[in-house]
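The chain contents come next:
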Amino acid sequence: MIHKFVLDDVKIVLDVNSGAVHVVDEIVYNLLDEYKYKTQEELVKLFSGRYDEQAILEAMEEIGTLESEGLLFTEDSYANHPAFINRKPVVKALCLHIAHDCNIRCKYCFASQGDFKGDRSLMSSEVGKKALDFLIENSGARRNLEIDFFGGEPMMNFETVKEIVKYGRSRELETNKRFRFTLTTNGVLLDDEAMEYINENMENVVLSIDGRKEVNDKMRYTVNGNGTYDIIVPKLLKMAEMRNGKSYYVRGTFTSDNLDFSSDVLHLADLGFKNTSVEPVVADDGMPYAIKEQDLEIIAREYETLAREYIKRHKAGNGFNFFHFMIDLSQGPCVIKRLSGCGAGSEYVAITPEGDIYPCHQFVGNDEFLIGNVLKNEFKTDLQTSFGDAHVYNKEKCNKCWAKFYCSGGCHANAYNFHKDINIPYDIGCEMEKKRIECSLFIQAKLLEEAE
């Protein structure tokens, strides 16, 4: 399977199964549609009115060479890969819901402004420690384990965060495990002492802001209805500066109210943030800010606009990173990651303040997906297996899609929320992801061209 597209002056061909990416000329680009279905004589006859015969033959030879080298029209080798066939999913990451409460009110919040449609509550250190014990016990031979402190707003329960980190460190030597902690925060409660602790103890920090002041404050406001932009920007900038090479991202959400979201990404870059991620909102069609199918054309143009500016700034020496444009063509993710994505419900689970286990933070509160409880030492492996089986080969739409090894089948929660089936991907999300991949490959091609 191949996928080809044109963006600006660049003609790009992706060999789906090998991952090889080629920048080609017009004649090769056009011949590829017919190459596998016609003889050499038929191809010469078909294209003789447009190209010189010798040019056609040379193009065919170039295609043939790439095919013989395993860089075009390759067969899928992942389905029979030993790492996939022999995989035994183990839990390697937890999303700890430190706080089912929040000090701001985001209009689009999937978590019902922090309470996940339940009682507002904070996780105890006992539950947090039991969660780490659960992870250790269910992680098999895996050494590096991920813990994301999440909410609501984790800073509302920061002392418990510290206790859990301390407990995790105390168990590393005796278990031969290594915990890598991440904290996601809206930034309102950050102060110098908290930032110093976070910088020292967190492998990654996710800082929430939507972009321009008017965009951010329309969606992200305090309990009293005041915008958060002026409160958080100085704090987030200081936190980002303190990282000094350590991992962090400013993470925002765009909605149908700001389909010109490239301006928000660039605004964050102009403020000085080097690592950004602005994601499309996922909301029911009935919500006024929901992204709809008719918005996709505008969104595609915005990604293209952002890609061009991304290239321009990198060439000028003032580049930034945008999460959805970060594709590694030299190695990329492992086989299991390519086929199964984030591993929600199988390798990654969420723990509530009460110790309940769910496939991920977006399933919390849906009793159909209650996997167990860390306090009761319960864990339903049948649900873990069903989520582990929700990979690209068991999703009919994904099987036929050129982007499957990049998106890995998409988000289980989005699939369920729109189709009530984790094996049927969220269509609007699919289209946006395919556009992001194309823009990413375009960026790689243009930057490589500049380097040469």
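The following refers to the structure shown. (Residues numbered from 1 in each chain as written. Predicted model: local features only at pLDDT ≥ 70, side-chain atom pairs only at ≥ 80, totals over all residues. Heavy atoms only, no water.)

1. Structural notes on empty space enclosed by the protein
Here comes step 1: Under the counting rule described, the total for this entry stands at two cavities of 30 Å³ or more.
Here comes step 2: Taken together, Lys 397, Cys 398, Cys 401, Ala 403, Lys 404, Cys 407, Pro 425, Cys 430, Glu 433 and Lys 434 form the lining of the largest cavity.
Here comes step 3: When contributions to the lining of the largest cavity are tallied by element, the ones reaching two or more residues are helix 14 (396-399), helix 15 (404-407) and helix 17 (427-451).
Here comes step 4: Per element, the largest residue contribution to the lining of the largest cavity is three residues, and it comes from helix 17.
Here comes step 5: In terms of residue class, the lining of the largest cavity is built from six nonpolar, no polar and four charged. (1 Å grid on protein atoms, 1.4 Å probe; cavity = no way out; pocket = protein on both sides within 12 Å on 5 of 7 lines; lining within 4 Å. Points joined across faces, edges and corners; volume = space filled by probe spheres on them. Helix = DSSP H or I, 4+ residues; strand = E, 2+ residues; numbered from the N terminus. Nonpolar A, V, L, I, M, F, W, Y, C, P; charged D, E, K, R; others polar.)

2. Remarks on the pattern of salt bridges
Between side chains of opposite charge, a pair can form as their charged atoms come close.
Here comes step 1: Under the criterion given, the structure shown has 30 salt bridges.
Here comes step 2: In this structure, the salt-bridge partner of Lys 218 is Asp 257, at a minimum N-O distance of 3.4 Å. Taken together, the residues Lys 218 in helix 8 (residues 213-219) and Asp 257 in the loop between strand 12 (247-254) and helix 10 (262-271) connect sequence positions 39 residues apart.
Here comes step 3: Its relative accessible area of 43% is what places Lys 218 among the partly exposed residues.
Here comes step 4: The exposure class of Asp 257 is partly exposed, given its relative accessible area of 40%.
Here comes step 5: Between Glu 304 and Lys 435 there is a salt bridge whose closest N-O contact spans 2.6 Å. (Salt bridge = Lys/Arg side-chain N within 4 Å of Asp/Glu carboxyl O. Buried < 20%, exposed > 50% of the residue type's maximum accessible area, 1.4 Å probe, protein only.)

3. As for helix 13 (residues 381-388)
Here comes step 1: Residues of helix 13 that are buried: Leu 383, Gln 384, Phe 387 and Gly 388. All buried residues of helix 13 project into a common sector of 140° when viewed along the axis, lining one side.
Here comes step 2: For helix 13, the elements touching its buried residues are strand 18 (378-379) and helix 16 (412-419). (Arc of directions from axis to C-beta. Contact = heavy atoms within 4.5 Å.)

4. A closer look at the pairing of strand 15 (residues 348-351)
Here comes step 1: Here strand 15 shows a buried face lined by Tyr 348 and Ala 350 and a second buried face lined by Val 349 and Ile 351.
Here comes step 2: The pairing of strand 4 (residues 93-97) with strand 15 spans four bridges and is parallel. By the bridge assignment for strand 15, Cys 95 is matched with Ala 350.
Here comes step 3: Note: strand 15 against strand 16 (residues 356-358), two bridges, orientation antiparallel. What sits directly across from Ile 351, in strand 16, is Ile 357. (Pairing = 2+ DSSP bridges.)

5. Let's talk about the sheet that holds strand 2 (residues 10-15)
Here comes step 1: Strands sit in the order 1-2-3 across an open sheet of three strands; the sheet is antiparallel. Bordering the open sheet on either side are strand 1 (2-7) and strand 3 (21-23), each of which pairs with just one other strand. Sheet twist, expressed as the average angle between the axes of neighbouring strands with direction ignored, equals 20°.
Here comes step 2: Where strand 2 and strand 3 come together, three bridges link them in antiparallel fashion. Bridge pairing in strand 3 links Leu 14 to Val 21. (Axes fitted to C-alpha atoms, helices over the stretch in contact; angles between N-to-C directions.)

6. Re the packing of aromatic side chains
Here comes step 1: The full count for this structure, using the stated rule, is 18 aromatic pairs.
Here comes step 2: Taking the centre distance of 5.7 Å and the plane angle of 90° together, the rings of Tyr 310 and Phe 325 count as edge-to-face. Placement of Tyr 310 in helix 11 (residues 296-316) and of Phe 325 in the loop between strand 14 (321-322) and helix 12 (335-340) is noted, with a sequence separation of 15 residues between them. Across the pair, exposure class does not vary: Tyr 310 and Phe 325 are buried alike.
Here comes step 3: Members of the aromatic cluster, connected to one another through ring pairs, are Tyr 310, Phe 320, Phe 322 and Phe 325.
Here comes step 4: In this structure, Lys 4 is placed above the aromatic ring of Tyr 29, and the distance from its NZ or CZ to the ring centre is 3.6 Å.
Here comes step 5: The aromatic ring of Phe 73 is capped on one face by Lys 36, whose charged end is 5.2 Å from the ring centroid. (Phe/Tyr/Trp six-rings, centres within 6.5 Å; stacked < 30°, edge-to-face > 60°. Lys NZ or Arg CZ within 6 Å of the ring centre and 35° of its normal.)

7. Some details on the packing of helix 10 against helix 11
What describes two packed helices is the angle between their axes and the distance between those same axes.
Here comes step 1: With their axes 9 Å apart at the nearest point, helix 10 and helix 11 run at an angle of 25° to one another. The pairing of helix 10 with helix 11 is recorded here as roughly parallel in orientation. Taking contact as the criterion, the partners of Ser 262, Ser 263, Val 265, Leu 266, Ala 269 and Asp 270 in helix 10 are, on helix 11, Glu 302, Thr 305, Leu 306, Glu 309 and Arg 313.
Here comes step 2: Considering only residue class, the contact of helix 10 with helix 11 consists of four nonpolar, three polar and four charged. (Parallel < 35°, antiparallel > 145°, perpendicular 65-115°, else oblique.)

8. Observations regarding the nonpolar core
One broad rule of soluble globular proteins: the nonpolar side chains tend to lie buried together.
Here comes step 1: Within the largest apolar cluster, 116 residues are counted, with the highest numbers of intra-cluster contacts made by Leu 94, Leu 96, Phe 149, Met 202 and Ile 351.
Here comes step 2: With eight residues, helix 17 is the largest single contributor of residues to this core.
Here comes step 3: Once residues within four sequence positions are removed from consideration, Met 202 is found in contact with Phe 149, Val 161, Val 165, Phe 181, Thr 182, Leu 183, Tyr 197 and Arg 243.
Here comes step 4: Formed by 19 residues, the second largest nonpolar core is a distinct cluster that contains Leu 43, Tyr 51, Met 60 and Leu 72. (Core = buried A, V, L, I, M, F, W, Y, C linked by side-chain atoms within 4.5 Å.)

9. Focus on helix 16
Here comes step 1: Taken together, the buried positions of helix 16 are occupied by His 412, Ala 413, Asn 414, Ala 415 and Tyr 416.
Here comes step 2: Residues of helix 16 that are buried make contact with helix 13.
Here comes step 3: Once helix 16 ends, the next one or two residues include Lys 420, with phi positive near 55°.

10. As for the side chain of Ser 277
Here comes step 1: Tracing the backbone through its elements, the reader meets Ser 277 in strand 13 (residues 275-280).
Here comes step 2: According to the relative accessible area criterion, Ser 277 is buried, its value standing at 3%.
Here comes step 3: If we ignore the near neighbours within four places in the chain, the residues touching Ser 277 are Tyr 249, Val 250, Arg 251, Gly 252, Phe 322 and Phe 323.

11. Looking at a negative patch on the surface
Here comes step 1: A cluster of like negative charges, contributed by Asp 52, Glu 53, Glu 58 and Glu 61, occupies part of the molecular surface.
Here comes step 2: Along the chain, the position of Glu 53 falls in helix 3 (residues 53-68). (Patch = residues over 30% accessible without salt bridge, like charges linked within 9 Å, V, L, I, M, F, W, Y side chains within 5 Å. Areas by Shrake-Rupley, 256 points an atom, 1.4 Å probe, with all protein chains shown as cover. Lys, Arg positive; Asp, Glu negative; His and termini not counted. Charge placed at Lys NZ, Arg CZ, Asp CG, Glu CD.)

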